[in-house]
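Residues per chain, in single letters:
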Amino acid sequence: MKNNKLTTLAASALLATTTSVSAADVEVLHWWTSGGEAASVNYLKGKLSDAGVGWTDFAVAGGGGENAMTVLKSRAISGNPPTAAQIKGPSIQEWGDLGFLADIDGVAKQNNWDELLPAVVADVMKHEGKYVAAPVNVHRVNWMWSNPEVFRAAGATIPTTWDDFMVQAKKLQDAGYVALAHGGQPWQDATVFEAVVLGVGGADYYNKAFVEMDMDALNSDTTVEVFETFGNLRQFIDANAPGRDWNVATSMVIEGQAGMQIMGDWAKGEFKVAGKNVGTDFVCSAAPGTSGAHTFNVDSFAFFAQGTTAGTGAQNIMAAEILGTDFQTVFNLNKGSIPARLGVSRAEFDTCAHDSMDAFVASSSSGSLVPSFAHGMALPSAVAGAVVDSATNFFNSDQSAEEGAAQLVASMAAAM
Ligand code: BGC
């Protein structure tokens, strides 16, 4: 009996210790599971460990994060959200409106985030005027990654317009290469669609149609032209594209089986992990027709309200670490993106990153800095879902451009 009592006491003491240790840890939901992504997230984990905060990994594989968001919803609904989750754009507001988020305004004020962050980034991190999320980077989505050796062998040149893309892609294909490395997953279809929208329609059309959801812009001939160009790409992907992960498509470019991939600059993280160098082994150029424009996609961690002081303390440490110059440098060197905050030296970054930094600044004054709708930065989530579904339905069918445009407009209108 006595022994039993002792065992129970010992067990509850152990429980108490375990609980207080885990309360000071962070459980972090993300979808960074490719080579470059894992290197990046491991750096964050190490930084927190140096600051005395343990890490429970809550990785849900699936590029673009759709799977992760589904899992997050079920955890939150059952009253057990993680400490922090990779949530972006207008979804941060949606989670804030539901009352799930904790504010980290104290840390933000102490560290002058309002001065350190460009307004376009800071605005998205706040809910009702208070910071509820911390930005780790700015990705540029309108990139094209090419293998120069493949182009040389095929006698082709890297295209800068969509018309020329069709000509050069044909040369690559005739020489036996896959012209466009692609993974047939809805978010990847939408990523390519988004590049076509910007390249064919320009930034004004992009903003009106895919940010402001303006029906006149959506119902215009430009939308049909966009679908024509997008449909012309169907012929340049290979038969094994359906279901392929984005990083596997990147490796087709790395290994010289394919000439090009249209993908955000997280792809650069894969070239880096493979030991490849920009300029000689791979080339980054703006997606056709989008030079100088910048489709931005800011990764950020939103913080969920915690029941304990230790939990809140760990969140504050995480938020402060994320905005540090050290973290923003190394994390982004691995991730392929650029720092989200000002005041970080450019010296260690490569020419692709410099191009992204320059385009970010120049496009914000010229009006061609646009939020990525394919990556949850531009539209309410229901409308974004309708756009992704329409793009993927079209790309994987033989719908005409007119049919594709009509379906897009109808499904966006229904989701508004
Ligand atoms: C995220 C990136 C991620 C990519 C592929 C994007 O939506 O912003 O951080 O690397 O998806 O998973």
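Reading the values: rules and limits
- Residues numbered from 1 in each chain as written.
- Predicted model: local features only at pLDDT ≥ 70, side-chain atom pairs only at ≥ 80, totals over all residues.
- Heavy atoms only, no water.
- Helix = DSSP H or I, 4+ residues; strand = E, 2+ residues; numbered from the N terminus.
- Rg over C-alpha atoms; globule rule 2.2 N^0.38 Å.
- Buried < 20%, exposed > 50% of the residue type's maximum accessible area, 1.4 Å probe, protein only.
- Contact = heavy atoms within 4.5 Å.
- Pairing = 2+ DSSP bridges.
- Right-handed = clockwise from strand over helix to strand, strands pointing away.
- Near = heavy atom within 4 Å.
- Polar contact = N/O pair within 3.5 Å; in protein donor to acceptor, adjacent residues only side chain to side chain.
- Areas by Shrake-Rupley, 256 points an atom, 1.4 Å probe, with all protein chains shown as cover.
- Nonpolar A, V, L, I, M, F, W, Y, C, P; charged D, E, K, R; others polar.
- Phe/Tyr/Trp six-rings, centres within 6.5 Å; stacked < 30°, edge-to-face > 60°.
- Lys NZ or Arg CZ within 6 Å of the ring centre and 35° of its normal.
- Domains from an automatic or database assignment.
- Buried area = accessible area lost by both parts, 1.4 Å probe.
- Salt bridge = Lys/Arg side-chain N within 4 Å of Asp/Glu carboxyl O.
- Arc of directions from axis to C-beta.

Draft legend 1. Molecular detail of the overall build of the chain. Counting its regular elements, the chain contains 19 helices and 14 strands. Its C-alpha atoms give the chain a radius of gyration of 23 Å, near enough to 22 Å, the size a compact globule of 416 residues would have. Based on the C-alpha atoms only, the size of the chain along its principal axes is roughly 80 × 45 × 45 Å. A burial count over the chain gives 52% of its 416 residues as buried. Taking the intrachain contacts of the chain between residues at least 6 apart in sequence as the baseline, contacts between residues at least 24 apart amount to 77%.

Draft legend 2. How the structure looks around the pairing of strand β1 (residues 26-30). Of all 5 residues in β1, 4 are buried, a share of seventy percent or more. Two strands pair when backbone bridges link them, and β1 and strand β2 (residues 55-59) are joined in this way by 5 bridges, in the parallel orientation. From the neighbouring strand, V26 faces β2, where its bridge partner is W55. Taken together, β1, helix α2 (residues 35-50) and β2 constitute a β-α-β crossover, and its handedness is right-handed. When β1 meets strand β3 (residues 84-86), the two strands line up parallel, connected through 2 bridges. The residue of β3 that forms the bridge with V28 is A84.

Draft legend 3. Region of the structure containing the site of the ligand. Near the ligand, the surroundings consist of 14 residues, among which E37, K88, D299, K335 and H375 are the closest. One of the side-chain nitrogen or oxygen atoms of E37 is found 2.5 Å away from an oxygen atom of the ligand. Here an oxygen atom of the ligand and a side-chain polar atom of N297 are 2.9 Å apart. When isolated, the ligand has an accessible area of 310 Å², and the protein chains bury 100% of it. Residue classes in the shell around the ligand are distributed as 4 nonpolar, 6 polar and 4 charged.

Draft legend 4. Main features of the packing of aromatic side chains. Under the criterion given, the structure shown has 25 aromatic pairs. Above the plane of the ring of W143 lies R140, whose end atom (NZ or CZ) is 4.5 Å from the centre. In this arrangement the basic side chain of R234 is found over the ring face of F394, its NZ or CZ atom lying 4.2 Å from the centre.

Draft legend 5. Summary view of the domain arrangement of the chain. Taken as a whole, the chain is organised into domain 1 (19-58 + 83-138 + 297-356) and domain 2 (140-296 + 365-415). Taken over C-alpha atoms, the centre of domain 1 sits 28 Å from the centre of domain 2. The interface is formed by 23 residues belonging to domain 1 together with 28 residues belonging to domain 2. Here domain 1 meets domain 2 over a buried area of about 2000 Å², counting both sides, of which 56% is carbon and sulfur. Seen at the junction of domain 1 and domain 2, the total is 2 salt bridges. R140 is the salt-bridge partner of D355, the closest N and O atoms lying 3.8 Å from each other. Where domain 1 packs against domain 2, one counts 7 residue pairs in polar contact (both at pLDDT 80 or more). Breaking the side of domain 1 that touches domain 2 down by element, the ones donating at least two residues are α2, α4 (90-97), α16 (325-335) and α17 (351-366). At 5 residues, α17 tops the list of elements feeding residues into the side of domain 1 that touches domain 2. Considered class by class, the residues forming the side of domain 1 that touches domain 2 number 7 nonpolar, 10 polar and 6 charged.

Draft legend 6. View of α4. All buried positions along α4 are accounted for by S91, I92, W95 and G96. All buried residues of α4 lie within an arc of 145 degrees about the axis, which places them on one face of the element. Contacts made by the buried residues of α4 are with α3 (66-77), α7 (119-125), β4 (126-127), β6 (133-135) and β13 (300-303). Two residues or fewer past α4, G99 is found with a positive phi of approximately 85 degrees.

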